[in-house]
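# Coordinate analysis (summary)
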Amino acid sequence: MAKARVKAPKKAKAGDIVTIKTLITHKMESGRRKNKKTGEVIPRHIIDKFTAKFNGETFFSSDWHGAISANPYMSFSFKASKSGEFEFIWHDEKGEITSKKSKLVVA
Amino acid sequence: MTKMKVEVLDRRQFVVASGAGAAAIIAGFSSAANATPEKAAEWIKKLTNGAKATEGKIKVDLPEIAENGNTVPIKVSVESPMTADNYVKAVHLIAEGNPAPELCSFYFTPMSGKANAATRVRLARTQKVIGIAVMSDGKVYMSQTQVKVTIGGCGG
């Protein structure tokens, strides 16, 4: 099970552009590595989609390919306008979904 | 006298043989696992629907020398007001020298505020990384960044 960490601000002023940083534990197996003992190719297994939503609306998303490093890091911006809730969602190729929520208060 | 002649011949033959061997090895390397600039160009064409890209607006930050190809920090920023009628729709990152040219794609909205994003990628060898920005009005911008990779990061 992938473990996700998010660093998003709790408070902001209207009009502020804030930076959000996320990290998730995942091997991001590219399908190009070989098992050193048997010589067999280790099957590909990656997270291929990341989505960031605010109050249910997607404001940033990303497609990931085999070239994204293990334990993927992602940072991006958000323009604060009103209070609400962030939701960050990671889609695994095998259908596993990890999500994390965080609240934002706009003064 | 005859003995000398034979020795000279031998050395020449050796040089020719080893030269051919080295060439074969190099040819084997480049065709075996790595994406070619043509493959990368094909992928770019698919992403942009064949639209012509102009240089500028997009900036891709990479370390000049990446010691570990397994995790190379990459940062991208595009000049744009990010308003509802003028914003950056997508940014695509492409590695010419990786076994597969596609790295990742970012999709922005006016809610992003700034077209900035950062992540970490695997790079197989010293190469050029191409950034493509697609704007809301359909214009396409691009940039190329050279990166030196000490230890490649695509397994083997």
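Everything that follows concerns the structure shown earlier in this document.
In short, a report on the structure. Quick caveat: nothing in here was measured; it's all calculated off a predicted structure.

### Focus on the side chain of Ser75(A)
- Residue placement: Ser75(A) occurs in strand S6 (residues 73-79).
- Classification of Ser75(A) by relative accessible area gives buried; the value is 9%.
- Excluding its chain neighbours within four sequence positions, the residues that come into contact with Ser75(A) are Thr19(A), Ile20(A), Lys21(A), Asn116(B), Ala117(B) and Ala118(B).

### Some thoughts on the pattern of salt bridges
Residue and element names in this part refer to chain A.
- Going through the model one piece at a time under the given rule, you end up with 5 salt bridges over all chains.
- Between Lys49 and Asp63 there is a salt bridge, with its nearest N and O atoms 3.0 Å apart. Of this pair, Lys49 sits in strand S4 (residues 47-54) while Asp63 is found in strand S5 (residues 57-64), placing the two residues 14 residues apart along the sequence.
- Under the relative-accessibility criterion, Lys49 is labelled partly exposed at 27%.
- Close ionic contact of Glu85 with Lys103 constitutes a salt bridge, the shortest N to O distance being 3.8 Å. Of this pair, Glu85 sits in strand S7 (residues 84-92) while Lys103 is found in strand S8 (residues 97-106), placing the two residues 18 residues apart along the sequence.

### Remarks on the nonpolar core
- Core analysis: the largest hydrophobic core is formed by 55 residues, its most contacted members being Phe60(A), Val91(B), Phe106(B) and Leu123(B).
- For Leu123(B), the contacting residues outside a window of four places in its chain are Leu62(B), Gly69(B), Val72(B), Ala95(B), Asn98(B), Leu103(B), Val129(B), Val147(B), Val149(B), Gly152(B) and Gly153(B).
- Counting 9 residues, the second largest nonpolar core, distinct from the first, contains Ala40(B), Ile44(B), Ile130(B) and Val134(B).

### Considerations on the interface of chain B and chain A
- Taken together, the 29 residues of chain B in the interface contact 32 residues of chain A.
- Buried surface at the junction of chain B and chain A, both sides included, amounts to about 2,400 Å², of which 52% is carbon and sulfur.
- Counting the contacts that link chain B with chain A gives 0 salt bridges.
- At the junction of chain B with chain A, the criterion picks out 19 residue pairs in polar contact (both at pLDDT 80 or more).
- Counting only elements with at least two residues in the side of chain B that touches chain A, the list comes to strand S6 (102-108) and strand S7 (115-121) of chain B.
- The dominant element in the side of chain B that touches chain A, judged by the number of residues it contributes, is S6(B), at 7 residues.
- When grouped by side-chain class, the residues that make up the side of chain B that touches chain A number 14 nonpolar, 11 polar and 4 charged.
- In terms of strand pairing, S6(A) meets S7(B) through 3 bridges, oriented antiparallel.

### What about a positive patch on the surface?
- A surface patch of like charges, here positive, comprises Lys3(A), Arg5(A), Lys7(A), Lys21(A) and Lys100(A).
- By the element assignment, Lys100(A) lies in strand S8.

### Quick word on helix H2 (residues 37-48) of chain B
Residue and element names in this part refer to chain B.
- Under the 1.5 Å per step criterion, the end-to-end length of H2 is 16 Å for 12 residues, consistent within 8% with the ideal 16 Å.
- Looking at H2, one finds that the buried residues are Ala40, Trp43, Ile44 and Thr48. The arc enclosing the buried residues of H2, seen along the axis, measures out at 120°, which places them on a common side. Residues of H2 that are exposed and angled more than 90 degrees away from the buried face: Glu38, Glu42, Lys45 and Lys46.

### So, the environment of Pro37(B)
- Structurally, Pro37(B) is set in helix H2.
- Each C-alpha atom of the pair Pro37(B) and Gly97(B) lies 7.5 Å from the other, and the pair is 60 residues apart in sequence.

Reading the values: rules and limits
Residues numbered from 1 in each chain as written. Chains lettered and ligands numbered in written order. Predicted model: local features only at pLDDT ≥ 70, side-chain atom pairs only at ≥ 80, totals over all residues. Heavy atoms only, no water. Helix = DSSP H or I, 4+ residues; strand = E, 2+ residues; numbered from the N terminus. Buried < 20%, exposed > 50% of the residue type's maximum accessible area, 1.4 Å probe, protein only. Contact = heavy atoms within 4.5 Å. Salt bridge = Lys/Arg side-chain N within 4 Å of Asp/Glu carboxyl O. Core = buried A, V, L, I, M, F, W, Y, C linked by side-chain atoms within 4.5 Å. Buried area = accessible area lost by both parts, 1.4 Å probe. Polar contact = N/O pair within 3.5 Å; in protein donor to acceptor, adjacent residues only side chain to side chain. Nonpolar A, V, L, I, M, F, W, Y, C, P; charged D, E, K, R; others polar. Pairing = 2+ DSSP bridges. Patch = residues over 30% accessible without salt bridge, like charges linked within 9 Å, V, L, I, M, F, W, Y side chains within 5 Å. Areas by Shrake-Rupley, 256 points an atom, 1.4 Å probe, with all protein chains shown as cover. Lys, Arg positive; Asp, Glu negative; His and termini not counted. Charge placed at Lys NZ, Arg CZ, Asp CG, Glu CD. Expected span 1.5 Å × (residues − 1). Arc of directions from axis to C-beta.

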